[in-house]
Amino acid sequence: MGAITEDELTRAIERTLVPKGTIAPDAARGVARVVLNYFGLDDSVLDNKVSSEDRDHFYRLEEEGLLSSEEEDATVSRGKTWRIHYWFLKKDRIREVGRAIEESKPHDPEAVYREMADSEWNRSAGGDGEKRAPPA
C-alpha cells in the first residue's frame, strides 16, 4: 500500500475533526502537512521526535482512528528499561474516511427527485394523496 498523500489526510481530517469543531476548516491542510512531515514515507514515527504542540494533533487524530500508538520496552545498558512510544498511520482508515462521503454523494443532483414517489410530492398532510382540512 502506498504512502498517504497530503490530500488524503486533509480529506480525512475535514470529515472527522472539522465537523466536531476540533480543527478549523482552514487548518485541516496545515495539520495534515505537519503530521506527514514527521512520517515522511514511513508508516511509523518515534514519539520523542514529535514536539509537544504537534503531539496534540497526533492525539486528536488518534481519537478519530486515523493514527494509533504503541509502546515497547527496551533494555539498555546496566539493565535499565526504557519505554519507547511509536505513532502509526492507519492508512486503511484514512482512505476509508476519505472515500466514504464521496461514495455516498449522488453524482446526479436530479436523481434525488426522480427517485421520489408521486405521494412524496403531494403537499397534503397525510402524503397519501387525500386532501386534509387544516387543523382547527
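Rules and cut-offs
Residues numbered from 1 in each chain as written. Predicted model: local features only at pLDDT ≥ 70, side-chain atom pairs only at ≥ 80, totals over all residues. Heavy atoms only, no water. Helix = DSSP H or I, 4+ residues; strand = E, 2+ residues; numbered from the N terminus. Buried < 20%, exposed > 50% of the residue type's maximum accessible area, 1.4 Å probe, protein only. Polar contact = N/O pair within 3.5 Å; in protein donor to acceptor, adjacent residues only side chain to side chain. 1 Å grid on protein atoms, 1.4 Å probe; cavity = no way out; pocket = protein on both sides within 12 Å on 5 of 7 lines; lining within 4 Å. Points joined across faces, edges and corners; volume = space filled by probe spheres on them. Nonpolar A, V, L, I, M, F, W, Y, C, P; charged D, E, K, R; others polar. Core = buried A, V, L, I, M, F, W, Y, C linked by side-chain atoms within 4.5 Å. Salt bridge = Lys/Arg side-chain N within 4 Å of Asp/Glu carboxyl O. Pairing = 2+ DSSP bridges. Axes fitted to C-alpha atoms, helices over the stretch in contact; angles between N-to-C directions. Contact = heavy atoms within 4.5 Å.

K.L.:
An account of the side chain of Arg95 is requested, with residue identities and associated values reported.
P.N.:
Of note, Arg95 is situated in helix H4 (residues 91–104). The class of Arg95 is buried, set by a relative accessible area of 16%. Only 3.0 Å separates the side chain of Arg95 from the backbone oxygen of Gly2, close enough to count as a polar contact.

K.L.:
Before we move on, can you summarise empty space enclosed by the protein with the specific residues and values?
P.N.:
Counted by the stated rule, this structure contains one cavity of 30 Å³ or more. In this structure, the largest cavity encloses a volume near 30 Å³. Lining the largest cavity are Ala3, Ile4, Leu36, Gly40, Leu41, Asp42, Asp43, Leu89 and Lys91. In terms of residue class, the lining of the largest cavity is made up of five nonpolar, one polar and three charged.

K.L.:
How would you summarise the nonpolar core if you had to cite specific residues and measurements?
P.N.:
Inside soluble globular proteins, nonpolar side chains tend to come together where they are buried. Counting 23 residues, the largest nonpolar core has Leu9, Ile13, Phe39 and Phe58 as its most contacted members. Those elements that place two or more of their residues in this core are helix H1 (6–20), helix H2 (28–39), helix H3 (52–63), strand E3 (81–89) and H4. Of the residues forming this core, the biggest block, six residues, is contributed by H2.

K.L.:
Could you give an account of unusual backbone geometry, naming the residues involved and the relevant values?
P.N.:
Despite not being glycine, Arg78 shows a phi value in the positive range, around 60°. Topologically, Arg78 is positioned in the loop between strand E2 (67–75) and E3.

K.L.:
Go over the pattern of salt bridges, please, and point to the residues and values.
P.N.:
Inspection of every chain in the model, using the stated rule, returns 10 salt bridges. Here Arg29 makes a salt bridge to Asp7, at a shortest N to O gap of 2.9 Å. Taken together, the residues Arg29 in helix H2 and Asp7 in helix H1 connect sequence positions 22 residues apart. Given a relative accessible area of 42%, Asp7 falls into the partly exposed group. Each of Glu6, Asp7, Arg29 and Arg33 takes part in a single network of salt bridges with overlapping partners.

K.L.:
Just give me the short version of the sheet that holds E3, but keep the residues and values in it.
P.N.:
Reading across the sheet, the three strands line up as E1-E3-E2 and stay open at both edges, with antiparallel pairing between neighbours. Both edges of this open sheet fall to strand E1 (44–46) and E2, since each of them pairs with a single strand only. With strand direction ignored, the average angle separating the axes of adjacent strands in the sheet is 30°. The pairing of E2 with E3 spans nine bridges and is classified as antiparallel. Within E3, the position partnered with Asp73 by the bridge is Arg83. Running at roughly 125° to E3, H2 makes contact with E1, E2 and E3 of the sheet. Running over the sheet, H3 touches E1, E2 and E3 and is turned about 115° from E2.

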